[in-house]
Amino acid sequence: MAQFIPEFLKKISRSRLLRRPTSWSTLIHWALPVILILYVLVAALFYLSNLNVLNDSADESWSMILAFLSFVCAVVWLVYLLRFNVFKRFGHLPKLYYWRQFLSFTLILGALIFLPTLPQWLLTIQANQKFTSVELADDIDEMNRSILLLNIDKVPKEWRVVNFEVFAGEAGKNGNPYDDGYYDDRHVQEQTRKVSERWMKDFLRDNTDSLIKISNNKYVMYICPDYSFFYQDAANRYLGREWSSDEKLFNDVVLGPKPSQSELNMMGKRLKVLFSKYKSTNPYLSSNYSSEKNWKYRVKPKGFDAADEGIDELIYKKYLFAYGNWKELYLPILMFLTFLSSLLFLFRHNHNKVFFWSLLSGALLFFLSVIILVFTEVHYQDFSLVCGSLISTYLFIFMFLSIRIRSQKNFSLLSSIALNFFTVLIPFIPLMWVRMYYDQLHRRYDSTAVLRNNTEYFALEDLHTELSLLLGVLILFLLIQFFIGPLLKKAYSLPRA
Amino acid sequence: MFRPHSTLVPKMFAPQIKEIQSSLDNKDYDLALRRILDASQDLADEAIVRKSMAISQEFEHNKELDLNAALEPLLVKMSQGLANLTVDQKLLLEAKKISKTYSKGQFSLKPIDVSLSSGQIIGVVGENGNGKTTLLECLSGLLSIDQGTIDFPESSHKDAYDRRHQLAFIPQRIPRWYGLLKDNLHFSASISKVYNQENELLVDFILERLKLRKYENLTWNQISSGYRTRFEIARVLLQRPKVLVLDEPLANLDIKAQETILTDLRFLSQSRRNPMGIVLSSQQLHEVEKVADSVLMIKDGRCIFSSATDELKGTVVELESNMDRQSLLDFFTSNNMKAHYNGGFYTIESKSQEAKEILEFLVRENIPIQYFRDISKSSKRYFN
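Residues numbered from 1 in each chain as written. Chains lettered and ligands numbered in written order. Predicted model: local features only at pLDDT ≥ 70, side-chain atom pairs only at ≥ 80, totals over all residues.

Some remarks on the overall build of chain B
- Helix and strand content of chain B: 13 helices and 13 strands.
- Rg of the C-alpha trace for chain B: 24 Å, near the compact-globule value of 21 Å for 384 residues, within the 12% margin.
- In terms of overall dimensions, chain B has C-alpha extents of about 70 × 60 × 40 Å along its principal axes.
- For chain B, with 384 residues in total, the buried portion stands at 39%.
- In chain B, once contacts between residues fewer than 6 apart in sequence are set aside, the share between residues at least 24 apart is 72%. (Helix = DSSP H or I, 4+ residues; strand = E, 2+ residues; numbered from the N terminus. Rg over C-alpha atoms; globule rule 2.2 N^0.38 Å. Buried ≥ 20, exposed ≤ 12 C-beta atoms within 10 Å, placed from the backbone. Contact = placed C-beta atoms within 7 Å.)

Below, the structure written as structure tokens:
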């Protein structure tokens, strides 16, 4: 196999072996170039295949294959990691050794974990290169207006009306006839909707403009017909501009000046061009929305389904990694990466026996905690508080046992296992405490609807959640060099009792 | 082909040079080369080390090489330097009244004193299951002690981890190595802060010194257990330990390999540049006694004999004879000698007679002798 390794890699490897054994033993000098080559190969394959961003690109299948490849690479790397270990040989540990080790593991594992997301990144880049957000938003707006104008006789021009009758008491109790479910299009069909006082209070706050109070317990709501044939909110949201609402289309188009026949003909031709521009050639069109429109207004221009599918695909690809979507992906990945890096770090700095005992004890402790939670019959609203308190108690016990290593003369399996648990738990503790705090807030204020629809509050909650995870990783990083590492070193060199 | 020794440099005072000369005179070229490599390392002169290695390698390929001629200029060069090198014997390890009782099981190691200095070899002998490994593990910090103290007067490291780097332990079952053997040696040197060219030189040197060069590009599975022991010793030596503890290093080795390893350990412990103290356990009593400065005999967890402190009285010999067993035992009893039959041979004890006198007596009495050995000064006398 050695003959297949490029000469420059061999030289780098030898140089690291003779100069930086700690770095050499992590195999980072091989792992990163190999992963980089994989990234380049996948990227090249993607660009060469010249995929149509308006079609289904089977990126999930690509991701599955790459995830499998990452897993194989990780296993091979882990097997190699068994070979050389400066720490376990009582070798000289350079300055900031623990940081370097942890960073090396995180870097390699991170590169492997992110590999399966590469197809999505590439598609996003391709989609953004081919269609700008302004272009997309303008085209969607133009198509919606054109379809509306070309079918002005078919679309409804009257605002719909919903009557609300308000009753005292809570919904669902004592056979009350009213329905406190969320409002949606189905209710348009109802002539009168019976709701509770509390529901109406919340609903009023969000729909002040559309509701008219007739009497103490009767309201009327006016609803503008849906004129959006293509959904454009995604394109507009990320573009940061106000989108053409149904009300705006009603005012501009339905109530606006009627175009001449020649203008309508031009509009029809232009619509065909735009349909063709966004035409998807997926063998199976998945857009159901167009069918619903068609059913509702009897409007279905030729080529609409294919263009709708193309726009769906395009928006998915363009905004896959936009902030809102990306954070939902990267937070779990960051947690997973931190967890794996911690495990690997512990594996490299523990007696094998201790590491595997820790895994076993971890599983046992988990089941024990589940049993405790089950038998205490915790109410679901108190779950996060009880669970968080239990984990916090564990953390303090583990910390206490870990600190004891400093004064120990003999090796203690219990203390070493406690130190391992502490290392794995600590990065997630700030996150857990923040979630406990917000869960308590939700519990206290959700019923009074103080927090609902408070976007600033939710933005702050999101920010605190993200920051708490980052803080946890930072705390782990600091402790690894100045607390966990030295304790692992001490524990590893203590004689057996 | 080989020139007589008289043509060598006439004035060489350093004892090592005299030893090398003697080996050359007796055509023990292998030993001469090993010793010249040791001497070159003592001088720590890179040019001399490289030259010594080159000659050793050349001789490996060409056994017809005129070694005297090749070594002459080198010996002249080394002579003065070696004469100026002095060796201070420093106390490396001192264990006082250390004892150990396992929480599970009945075995306990009774209080034992061990004192080890640089350049010294201590042999720990005894039957299986009597506490040799326990003692060695206690000394190397693998196992805690219940009572007593272990001091390392020469160690500057207060940290147990750093001390473990200088206190190397080679277990009887050596953990397997992964990857190329040579890479493992480079790795071992570099984790001991020996970098770059110095690392390459040191690894090459140790491979040459222990005659392992042929196997450097092999893997663990491709070498025999004897070579595994040698490679493990090479790896540990690259860490430049102050104390080397070996548990049964001679197990599974043939007689020649045992002898080579023991003499190498003897020479390496007495290095002028990196002297070290060695503690080794073995059941090969005679071989260990040949190289060890002192021997500890362990029985039932107790040190029943220490050659450093205990004086052996009386004469004990081993005898193998095809004479009828009962007749022979009666013969010794009637002549005021104690005799035990140990399966293969007899152990004969006498308070008044020397071994030579016993041998003469046996010859005189026409007792058939197949094997006779004086073990009066050996711990072997305790194996009954």
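Some details on the confidence of the model for chain B
All names here are of chain B.
- On average, residues of chain B score 86 in pLDDT, and 96% of them are at 70 or above.
- Confidence over residues 1-12 falls short of pLDDT 50; this stretch has 23 contacts with residues more than four positions distant or in other chains.
- Interface predicted TM-score (ipTM) for the complex: 0.84; the corresponding pTM is 0.83. (pLDDT = per-residue confidence, 0-100.)

A short note on the pairing of strand β3 (residues 211-215) of chain A
All names here are of chain A.
- β3 sits mainly on the outside: 0 of its 5 residues count as buried.
- Pairing of β3 with strand β4 (residues 218-223), which is carried by 4 bridges, proceeds in the antiparallel orientation. What sits directly across from Ser 215, in β4, is Lys 218.
- If you look at the hairpin formed by β3 and β4, you'll find 2 residues sitting between the two strands. (Pairing = 2+ DSSP bridges.)

Let's talk about the interface of chain A and chain B
- Each partner contributes to the interface: chain A provides 21 residues, whereas chain B provides 22 residues.
- The set of elements that each furnish at least two residues to the side of chain A that touches chain B consists of α1 (7-19) and α19 (455-493) of chain A.
- A class-by-class count of the residues in the side of chain A that touches chain B yields 11 nonpolar, 4 polar and 6 charged. (Nonpolar A, V, L, I, M, F, W, Y, C, P; charged D, E, K, R; others polar.)

Regarding the nonpolar core
- Core analysis: the largest hydrophobic core is formed by 65 residues, its most contacted members being Val 124, Leu 139, Ile 206, Ala 234 and Val 279 of chain B.
- Considering each element in turn, this core owes the most residues, 6 residues, to helix α9 (residues 225-238) of chain B.
- Among residues more than four places away in sequence, those in contact with Ala 234 of chain B are Leu 185, Ile 206, Leu 210 and Leu 212 of chain B.
- Listed in part, the 39 residues of the second largest apolar core include Leu 27, Ile 35, Leu 431 and Leu 487 of chain A. (Core = buried A, V, L, I, M, F, W, Y, C linked by C-beta atoms within 7 Å.)

Remarks on helix α8 (residues 196-209) of chain B
- An ideal rise of 1.5 Å per residue puts 20 Å on 14 residues; α8 of chain B measures up with 20 Å between its terminal C-alpha atoms.
- Within α8 of chain B the residues assigned to the buried category are Asn 199, Leu 202, Val 203, Phe 205, Ile 206, Leu 207, Glu 208 and Arg 209 of chain B.
- Where the residues of α8 of chain B are buried, they touch α1 of chain A together with α2 (29-43), α3 (46-61), α7 (181-190) and α9 of chain B.
- Of the residues one or two after α8 of chain B, Lys 211 of chain B is the one with positive phi, at around 55°. (Expected span 1.5 Å × (residues − 1).)

A closer look at the environment of Val 378 of chain A
- Relative to the helices and strands, Val 378 of chain A resides in the loop between α15 (352-375) and α16 (383-403).
- Sequence-distant contacts of Val 378 of chain A, defined by excluding residues within four places in its chain, comprise Leu 373, Phe 383 and Val 386 of chain A.

A word on the packing of helix α6 (residues 118-130) of chain A against helix α13 (residues 304-318) of chain A
Residues and elements named next belong to chain A.
- Relative orientation of the contacting elements α6 and α13 amounts to 115°, with a least axis distance of 8 Å. In this structure, α6 meets α13 at a crossing whose hand is left-handed. Only Leu 314, Lys 317 and Lys 318 of α13 make contact with α6, whose side of the interface consists of Leu 123, Thr 124, Ala 127 and Asn 128.
- Among the residues forming the contact of α6 with α13, the class breakdown is 3 nonpolar, 2 polar and 2 charged. (Axes fitted to C-alpha atoms, helices over the stretch in contact; angles between N-to-C directions. Left-handed = near helix turned anticlockwise from the far one by under 90°.)

A short note on the sheet that holds strand β12 (residues 346-350) of chain B
Residue and element names in this part refer to chain B.
- Sheet architecture is open: 4 strands sit in the order β11-β12-β10-β13, paired in antiparallel fashion. Single-partner strands in this sheet number two, and they are β11 (338-341) and β13 (371-374). The average angle at which neighbouring strand axes cross in this sheet is 20°, direction not considered.
- Judged from the 4 bridges that link them, β11 and β12 form a sheet pairing that is antiparallel. Along β12, the bridge assignment pairs His 340 with Thr 347.
- Here helix α12 (residues 325-334) sits on the sheet and contacts β11 and β12; the angle it forms with β11, its principal contact strand, is near 160°.
- Where helix α13 (residues 355-364) meets the sheet, it contacts β10 (315-320), β12 and β13, and its direction lies at approximately 35° from that of β10.

Details of the packing of α2 of chain B against α3 of chain B
All names here are of chain B.
- As a packed pair, α2 and α3 sit with axes 8 Å apart at the nearest point and diverge in direction by 165°. Between α2 and α3, the angle falls in the class roughly antiparallel. Where α2 crosses over α3, the two elements pack in a sense that is left-handed. Residues Tyr 29, Leu 33, Ile 36, Leu 37, Ser 40, Gln 41 and Leu 43 of α2 form the contact with α3, whose own contacting residues are Ile 48, Val 49, Ser 52, Ser 56 and Phe 59.
- Of the residues in the contact of α2 with α3, the class split is 8 nonpolar, 4 polar and no charged. (Parallel < 35°, antiparallel > 145°, perpendicular 65-115°, else oblique.)

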